[in-house]
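One letter stands for each residue in the lines below.
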Amino acid sequence: MTGFGRGTAEQAGVRATIDVRSVNHRFVDLKLRMQVAPALEEAIATRVRGAVERGAITVSLRVDHPVDRQRGTGAIRLDAARAAHAELSALASELGIAGPDLALVLAQPGVVAAADAEADQLDAAILAALAAALRQLREMREVEGRVLAIELNTRLDALARLRGAIDGHAASVPEQLHSRLHERLRRLLGDAVIDPARLAQEVALLAERADVTEELVRLGSHLEQARALIAGASASGRRLDFLVQEIGRELNTIGSKSQHAEISAAVVEAKAILEKVREQVQNVE
């Protein structure tokens, strides 16, 4: 499901802004566009995965410091500074440009460690901004979900009507088989007497092979379960995926068993509708 959320929070004059974007995806595909400590990155990822169960999620961070804040009060991590200088120098040499100055080295992520109190305040602002962004994202996705539920229920109604039509046509299958077999035998045997008992036995065998009662019962159950999942409050996308597969399996079996023209036509129409349901279900969390 698609959605966007933005949250802003401020701690001790430091403002953190989080943007969370979501587009359709079968699973959770999370991308964090930020340079933060590993522990904070893990905390952010955990919160996002707890709020969103499906979708390609991109989380970006912007931190604004006051203009008059005295910078450089943090501790310089010498190992990180040396490593950053080495990498920048190698890149400059490869590109044939001047090597990095001290300001550029100090600007690299992880080189200057903020004081503990400042780091804690910044982390708190980032997590607060994330919470606000996720709330906004959920609200937007819920609006889309309500529209999607109406669309899915409309298509499930159409599938239920086709199921009823197939059920009605299935009741006339034995009679049609009897007439068809009797006519075929009459053409083959001419005026010879046809044994009614043997004819009834053959018709019964053919009718048993063409019987779709069990498939129709399961199909009806799957449709009702799909309705219940759509009406529920919990995430249901993956379970709906499974039900769509099962509905398709029942339709395929009905189509392969039946030699009834109206049933075959109804199955083809139902498969077309089901394909649209399948596409929409990919958007359901």
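Here, the structure is the one placed above.
Definitions and cut-offs
- Residues numbered from 1 in each chain as written.
- Predicted model: local features only at pLDDT ≥ 70, side-chain atom pairs only at ≥ 80, totals over all residues.
- Heavy atoms only, no water.
- Helix = DSSP H or I, 4+ residues; strand = E, 2+ residues; numbered from the N terminus.
- Buried < 20%, exposed > 50% of the residue type's maximum accessible area, 1.4 Å probe, protein only.
- Contact = heavy atoms within 4.5 Å.
- Areas by Shrake-Rupley, 256 points an atom, 1.4 Å probe, with all protein chains shown as cover.
- Expected span 1.5 Å × (residues − 1).
- Core = buried A, V, L, I, M, F, W, Y, C linked by side-chain atoms within 4.5 Å.
- Pairing = 2+ DSSP bridges.
- Axes fitted to C-alpha atoms, helices over the stretch in contact; angles between N-to-C directions.

Visitor: Tell me about the overall build of the chain, residues and numbers included.
Guide: Of the regular secondary structure elements, the chain holds nine helices and six strands. Buried positions account for 34% of the 285 residues belonging to the chain. Across the chain, contacts joining residues at least 24 apart in sequence account for 78% of those joining residues at least 6 apart. Accessible surface, the chain: about 16,800 Å² in total, of which carbon and sulfur atoms supply 54%.

Visitor: Tell me about helix H8 (residues 237–257), and please be specific about residues and values.
Guide: Its 21 residues give H8 an end-to-end C-alpha distance of 31 Å, which sits within 8% of 30 Å, the value for a rise of 1.5 Å per residue. Of all the positions in H8, only Gly237, Leu240, Asp241, Leu243, Val244, Glu246, Ile247, Gly248, Glu250, Leu251 and Ile254 are classed as buried.

Visitor: Could you give an account of the environment of Gly110, naming the residues involved and the relevant values?
Guide: With respect to the secondary-structure elements, Gly110 resides in the loop between helix H3 (102–106) and strand E6 (112–113). Taking the C-alpha atoms as reference points, Gly110 and Asp79, separated by 31 residues in sequence, lie 10.0 Å from one another. When sequence neighbours within four positions are dropped, the list of residues in contact with Gly110 reads Arg77 and Ala80.

Visitor: Requested: an account of the nonpolar core, with residues and values cited.
Guide: Core analysis: the largest hydrophobic core is formed by 30 residues, its most contacted members being Leu152, Leu159, Ile166, Leu240, Ile254 and Leu274. At the level of elements, helix H4 (116–170), helix H7 (213–231), H8 and helix H9 (261–281) are the ones that each hand at least two residues to this core. If we ignore the near neighbours within four places in the chain, the residues touching Leu159 are Leu223, Ala270, Ile273 and Leu274. Ala9, Ala16, Ile18 and Val48 belong to the second largest nonpolar core, which has 22 residues in total.

Visitor: Before we move on, can you summarise the sheet that holds strand E4 (residues 55–64) with the specific residues and values?
Guide: Taken in spatial order, the four strands make up an open sheet running E1-E2-E4-E3, and their pairing is mixed. Every interior strand has two partners, whereas the edge strands, strand E1 (3–11) and strand E3 (28–33), have only one. Neighbouring strand axes in the sheet, compared pairwise and without regard to direction, differ in orientation by 15° on average. Across the sheet, helix H1 (residues 38–51) touches E3 and E4, and the angle it forms with E3 is around 145°.

Visitor: Any details on the side chain of Glu250? Residues and values, ideally.
Guide: Relative to the assigned elements, Glu250 resides in helix H8. Judged by relative accessible area, which is 5%, Glu250 ranks as buried. With residues near it in sequence (within four places) discarded, Glu250 still touches Glu215, Arg218, Leu219 and His222.

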